[in-house]
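Listed here are the chains, written in short residue letters.
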Amino acid sequence: MLLKAALQESSAQIDALMTDLGKTESKILSTHQELLEDPDLLKLAADGIEQRKSAGFAWRAAFLQYATQLESLQGNHNAMLRERGTDIRDVGHRVLGQLVEGIQSSFELPDGAILIAPELSPSDTASFDRSKLLGFCTTTGGPTSHVAILAKSFGIPALCNVDESALNLADGTLVVLDGTNGILNSQPTSADIERAQADISEINTRDQQYRLNAKTLAVTQDGRRIEVVANVRNAQEATEGIANGAEGVGLLRSEFLFDNRDSTPSEDEQADAYAAVAKALGPERPLVIRTLDVGGDKPLSYLPIPKEENPFLGLRGVRVSLDQPAIFRTQLRAILCCAGLAKLHIMFPMIATLEELREAKLILAEERSKTNAPNVQVGLMIEVPSAAVLSEQFAKEADFFSIGTNDLTQYTLAMDRGHPKLAQKADGLHPAVLKMIAMTCEGALKHGKWVGVCGGLASDLLVIPVLIGLGVVELSVSVPAIPAVKALVRRLSLPECKVLAQEVIQMGTAAEVRAKLTAFANTKEEKNHAHP
Ligand code: PEP
Ligand code: MG
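The rules we used
Residue positions within a chain follow its written sequence, with the count starting from 1. Chain letters start at A and ligand numbers start at 1, both assigned in the order the entries are written. Per-residue local features are limited, in this predicted model, to residues with pLDDT of at least 70; the limit for side-chain atom pairs, both in listing and counting, is 80 or more; totals at the level of whole chains, interfaces and linings are taken over all residues. Side-chain numbers here rest on the full set of heavy atoms in the structure, without hydrogens or water. Two kinds of site are reported from a 1 Å grid over the protein atoms alone, namely cavities, where a 1.4 Å probe fits but cannot get out, and pockets, open sets with protein on both sides within 12 Å along at least five of seven lines, and residues are called lining when an atom falls within 4 Å of a point. Grid points are joined across faces, edges and corners, and a volume is the space filled by probe spheres set on the points. Helix numbering and strand numbering both begin at the N terminus, where a helix is a DSSP run of H or I of at least 4 residues and a strand a DSSP run of E of at least 2. Asp, Glu, Lys and Arg are counted as charged, while Ala, Val, Leu, Ile, Met, Phe, Trp, Tyr, Cys and Pro are counted as nonpolar; the rest, among them Gly, fall into the polar class. Each residue is assigned to one of three classes by its accessible area relative to the maximum for its type, calculated with a 1.4 Å probe on protein chains only: buried under 20%, partly exposed between the two thresholds, exposed over 50%. Salt bridge, as used here: a side-chain nitrogen of Lys or Arg that lies within 4 Å of a carboxyl oxygen of Asp or Glu. The criterion for an aromatic pair is that two Phe, Tyr or Trp rings (for Trp, the six-membered ring) have centres within 6.5 Å, with stacked assigned to planes under 30 degrees apart, edge-to-face to planes over 60 apart and tilted to the rest. Criterion for a charge above a ring: Lys NZ or Arg CZ within 6 Å of the ring centre, and within 35 degrees of the ring normal. For Na, K and Ca the donor cut-off is 3.2 Å, while for other metals it is 2.8 Å, and in both cases only N, O and S atoms qualify; water is not among them, so sites may look incomplete. Criterion used throughout: strands pair if DSSP finds at least two bridges between them. In this description, the arc belongs to the directions extending from the helix axis to the C-beta atoms. It only takes one pair of heavy atoms within 4.5 Å for two residues to be counted as in contact. Any pair of nitrogen or oxygen atoms within 3.5 Å is treated as a polar contact; in protein, a donor-acceptor pairing is required on top of that, and neighbouring residues in sequence qualify only through side-chain atoms on both sides. Nearness here has a simple test: a residue counts as near a molecule or strand if at least one of its heavy atoms is within 4 Å of that partner. Throughout, the Shrake-Rupley method with a 1.4 Å probe supplies accessible areas, and for residues the shown protein chains are the sole cover considered. Just a note on the criterion: a molecule sits in a pocket or cavity if more than half of its atoms are within 2 Å of the grid points. Domain start and end points were adopted from an automatic or database domain assignment. In short, buried area is how much 1.4 Å probe accessible area vanishes from two parts on joining, totalled over both.

### Observations concerning empty space enclosed by the protein
Now for step 1: Taken as a whole and assessed by the stated rule, the structure comprises 5 cavities of 30 Å³ or more.
Now for step 2: Taken together, 18 residues line the largest cavity, and the ones lying closest to its centre are Ile149, Ser153, Asn231, Arg253 and Ser478.
Now for step 3: Elements represented by at least two residues in the lining of the largest cavity include exactly α7 (146-154), β7 (225-232) and β14 (474-478).
Now for step 4: Residue contributions to the lining of the largest cavity peak at 5 residues, all from α7.
Now for step 5: Broken down by class, the residue content of the lining of the largest cavity amounts to 6 nonpolar, 8 polar and 4 charged.
Now for step 6: Sorting the residues of the lining of the second largest cavity by element identifies β8 (249-253) and α16 (405-413) as the ones contributing at least two each.

Right under this line is the structure:
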């Protein structure tokens, strides 16, 4: 129904536009009208909806697939087909715009809503009214999927991979969502509700206390300073981060500037956006800008990445930048414009080989030589096992590392982070992942380079003592998590973290690690209650 309404509304919009335009433009738009009725395209979308995808998700997947299919057809009419592909994307985005509006208005979330859906795209997630949304659940995905990451950045609980029966709950059903223990209780007793309300007020009181101290540094009891910085997408989040006690930005996910549009942002537009984040921080605070990290689970409609059998193992992260040097060079020039406004660091995502790092650095050096930008720190994300294993060699050629534990987990365990069945098992607490982190720190330390973590593990209170024990000195976390992370660091001591870390990396399963870390956390909690 939603899709039908969006198609009708788009058609009416195009009609209105056509009356104002000349002959040539009207011709293009009449092609768009035809596309709105194209049976192949509509069937693709209907198939997606039948598979219980949301209308927006199904439509987006359908028009992108259809456009790519046409563009990849060989033959004499290639130029024509490419144009057709562009038309499909164009009209596809028009309908998508209607859908997003339709979805938002059709939901009219009541206060205190818990949203349950088969899956949500990051843009669906970002568009809901946060003041009304208490939490959400999806029946697919896992804790490191991008939807879960967005939920963390909003500070609301989200459960992935809940039982499909949850989709049958009638609107307005009272449920209890326990994000800490991963439980959706759809038939709560009055005692369950009372307990949940008591838990919520205890959490709120504790968070308020943490916030009181959020602006002071995070130093362990024996004096190890841990820099707690924020993962952000834009200047507004950077400002919120600082207000919440962030000491800077450890990961600016620059791809959010490139998403949800039909062409790459211009150099000026990018420079303005990066400068806005840098200004929000000021010259004394670090800003780590990650260059474009798309491909795999983060497609861009206007980037011609051919369909791949294994997108997570294909053109993704820095590989896209090296494949599209013009886009890369533009981005680097735009980033360099904000050197001086904050302590600028540039970071390349998904580096797997030294050659990739060298090529990326060379391009950066060439672009820098054309400007009068000062030298900036250059680092890489450690999210591919080859980079963790060769960390010592990488450390000779980089200023810092930031470990992307979301991808490092999926690549170490060979489990797709968004896979409906596997994502739940892609557990960053697996000792194999922790050993990768240990290797990364050892290699970096040999060359005096610092290591941060910007993946989801950095916000996980259970595992932070291990990260510190392995030598991590910077934690880049979702904005709402900052006060609690700082409070935890203050309750720890480096020697106890080291002992704990060495113990868990010898273990065989994630379950054993989790049990050990839970027991450790409980001792810290008691201390915490004694000395708030
Ligand atoms: C990661 O992989 O841990 C990471 C921080 O990058 P992203 O989640 O954006 O892929
Ligand atoms: Mg990553």
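### Observations concerning the environment of Tyr210
Now for step 1: Tracing the backbone through its elements, the reader meets Tyr210 in helix α8 (residues 190-212).
Now for step 2: What makes Tyr210 buried here is its relative accessible area of 9%.
Now for step 3: Here the alpha-carbon distance between Tyr210 and Pro483, two residues 273 residues apart in the chain, equals 5.2 Å.

### Observations regarding the pattern of salt bridges
Now for step 1: If you walk through the whole model with that rule in mind, you get 20 salt bridges.
Now for step 2: A salt bridge links Glu237 to Arg233; its shortest N-O distance comes to 2.5 Å.
Now for step 3: The partner of Asp407 in a salt bridge is Arg417, and the shortest N-O contact between them spans 2.9 Å. With Asp407 in helix α16 and Arg417 in the loop between α16 and α17 (431-446), this pair connects stretches of sequence that are 10 residues apart. The two residues Asp407 and Arg417 agree in class, both being buried.

### With respect to the packing of aromatic side chains
Now for step 1: Enumeration over the complete set of coordinates arrives at 3 aromatic pairs.
Now for step 2: Both rings, one in Phe328 and one in Phe348, keep their centres 6.0 Å apart while their planes meet at 65°; by these two values the pair is edge-to-face. Separated by 20 residues along the polypeptide, Phe328 in helix α12 (residues 325-336) and Phe348 in strand β10 (residues 343-348) bring together distant segments of the chain. Judged on exposure class, the residue Phe328 and its partner Phe348 are both buried.
Now for step 3: A centroid spacing of 4.8 Å and a plane angle of 5° characterise the contact between Phe400 and Trp450, whose relative ring orientation is stacked. Here the residue Phe400 occupies a position in strand β12 (residues 400-403), and Trp450 occupies one in strand β13 (residues 450-453), the gap between them amounting to 50 residues.
Now for step 4: Owing to a relative accessible area of 24%, Trp450 belongs among the partly exposed residues under this scheme.
Now for step 5: Its end group placed over the ring of Phe256, Arg233 keeps NZ or CZ at 5.1 Å from the ring centre.

### Details of the coordination of the magnesium ion (ligand 2)
Now for step 1: At the metal site, the magnesium ion (ligand 2) is ligated by Glu383 (OE) and Asp407 (OD), and these contacts range over 2.0 to 2.2 Å. Here the residue Glu383 occupies a position in the loop between β11 (377-382) and α14 (385-389), and Asp407 occupies one in helix α16, the gap between them amounting to 24 residues.
Now for step 2: A residue is classified by how much of its surface remains accessible, and Asp407, at 3% relative accessible area, is buried.

### Things to note about the sheet that holds strand β3 (residues 158-159)
Now for step 1: Here we have 3 strands laid out as an open sheet, ordered β1-β2-β3, and parallel in their pairing. Edge positions in the sheet fall to β1 (113-117) and β3, since each of these pairs with one other strand and no more.

### Here's the deal with helix α9 (residues 235-243)
Along an α-helix, residues three or four apart share an orientation, since each turn contains 3.6 residues.
Now for step 1: For α9, the complete set of buried residues consists of Glu237, Ala238, Gly241 and Ile242. One side of α9 holds all its buried residues, which, seen down the axis, span an arc of 140°. Along α9, the residues that are exposed and aim more than 90 degrees away from the buried face are Gln236 and Ala243.
Now for step 2: Where α9 is buried, its residues contact β7, β8, α10 (267-281) and α19 (482-491).
Now for step 3: For α9, the side-chain oxygen to backbone nitrogen distance between the N-cap and Gln236 is 3.3 Å, and the N-cap itself is Asn234.

### So, the site of ligand 1
Now for step 1: Around ligand 1 lies a shell of 16 residues, among which Arg253, Arg290, Gly404, Asn406 and Arg417 are the nearest.
Now for step 2: Asn406 places a polar main-chain atom, nitrogen or oxygen, 2.8 Å from an oxygen atom of ligand 1.
Now for step 3: Protein coverage of the free-state accessible area of ligand 1, which is 290 Å², stands at 100%.
Now for step 4: Because more than half of its atoms lie within 2 Å of the grid, ligand 1 is assigned to the second largest cavity.
Now for step 5: The biggest single contributor to the shell around ligand 1 is α16, with 3 residues.
Now for step 6: Considered class by class, the residues forming the shell around ligand 1 number 4 nonpolar, 5 polar and 7 charged.

### Description of the domain arrangement of the chain
Now for step 1: Each assigned domain of the chain is listed with its residue range as follows: domain 1 (2-99) and domain 2 (221-530).
Now for step 2: Just the C-alpha atoms count here: the centres of domain 1 and domain 2 sit 37 Å apart.
Now for step 3: Contacts between the two partners involve 6 residues from domain 1 and, on the opposite side, 6 residues from domain 2.
Now for step 4: Counting the surface lost from both domain 1 and domain 2, the interface buries some 480 Å², and carbon and sulfur atoms represent 49% of this.
Now for step 5: Three residues, Arg60, Arg89 and His93, lead the burial of domain 1 against domain 2; their summed loss comes to 65% of the area buried on that side.
Now for step 6: Viewed at the interface, domain 2 and domain 1 are joined by 0 salt bridges.
Now for step 7: Here domain 1 and domain 2 share 1 residue pair in polar contact (both at pLDDT 80 or more) between them.
Now for step 8: Counting only elements with at least two residues in the side of domain 1 that touches domain 2, the list comes to α4 (55-72) and α5 (78-107).
Now for step 9: Per-class residue counts for the side of domain 1 that touches domain 2 are 1 nonpolar, 2 polar and 3 charged.

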